[in-house]
Amino acid sequence: MTLKDTELSVKEKTTKPDVAKSDEEWRKQLSPEQYQVTRKAGTEPAFTGKYWKTKDDGTYACVCCGKPLFSSETKFDSGTGWPSFWQPLDQAAVATHEDSTYGMVRTEARCASCNAHLGHVFEDGPEPTGLRYCMNSAALDLKPEEKK
Ligand SMILES: [Zn+2]
C-alpha cells in the first residue's frame, strides 16, 4: 500500500473527529507539553521524550482520547530520538494531512478520533511498508501488555 492510498482511505472515513473538546478542556486534561504537541502541533526535542527508546510490549494509545494507535510490534529504532513505527494498528485510526509549515512539505499524522497532532510520516521506513511514523512521546500513552 502506498502512502497515497492510505491518505485517501483515511480521509473518506474521518471527516469529523469523534472526540471534540474545547481548547480549554484539552488544556485542563493535558500536561503543558502534551497540550503543546497534540493541540498546537508542536514537536518535542529529540531524545527527550519518554518513549523514544522504549522496547516494552504493549499498545500505544492517543494521550488525548485513549484510542489505540500503534503496537509495540511495529516500533523500531530509527535513531532519530523519537518513537518510530512502520505501521499504525489500524489505518483508519491515524489520519494523514499534507503539512507545508517550515518551508517543507511533509505528511502530518493526526489521531483520527480527536484530531490530536501525533507527528509526521516519512517514506524512509523499513519493510514491509517502507513508512516511518515519527511520533512524539508526548502524544502517546503506552498501555503495557497484560501478562498471562
Ligand atoms: Zn486521539
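Right above here is the structure, for reference.
Residues numbered from 1 in each chain as written. Predicted model: local features only at pLDDT ≥ 70, side-chain atom pairs only at ≥ 80, totals over all residues.

Taken in spatial order, the 6 strands line up as S3-S4-S8-S7-S6-S5 in an open sheet, and their pairing is antiparallel. Each having just a single partner strand, strand S3 (75–76) and strand S5 (94–99) make up the two edges of the open sheet. Summarising the sheet, strand S7 (residues 117–122) and strand S8 (residues 132–135) pair through 4 bridges and their orientation is antiparallel. Within S8, the residue paired with Gly-119 across the bridge is Met-135. (Pairing = 2+ DSSP bridges. Helix = DSSP H or I, 4+ residues; strand = E, 2+ residues; numbered from the N terminus.)

Attention now goes to the sheet that holds strand S1 (residues 58–62). A sheet is described by the order of its strands in space; here 3 strands give the open sequence S2-S1-S9, paired in antiparallel fashion. Since the sheet does not close on itself, it has two edges, and those belong to strand S2 (68–71) and strand S9 (140–144), each with one partner. On average, adjacent strands in this sheet sit at an angle of 35° to one another, irrespective of strand direction. Bridge analysis of S1 against S2 gives 3 bridges, and the strand direction is antiparallel. Residue Tyr-60 lies in a different strand from S2, and its bridge partner there is Phe-70. (Axes fitted to C-alpha atoms, helices over the stretch in contact; angles between N-to-C directions.)

Time to look at the environment of Asp-56. Along the chain, Asp-56 falls in the loop between helix H3 (32–40) and S1. A count of 10 C-beta atoms within 10 Å places Asp-56 in the exposed class. In this structure, Asp-56 is in contact with Ser-72, Leu-142 and Pro-144, ignoring residues within four places of it in sequence. (Buried ≥ 20, exposed ≤ 12 C-beta atoms within 10 Å, placed from the backbone. Contact = placed C-beta atoms within 7 Å.)

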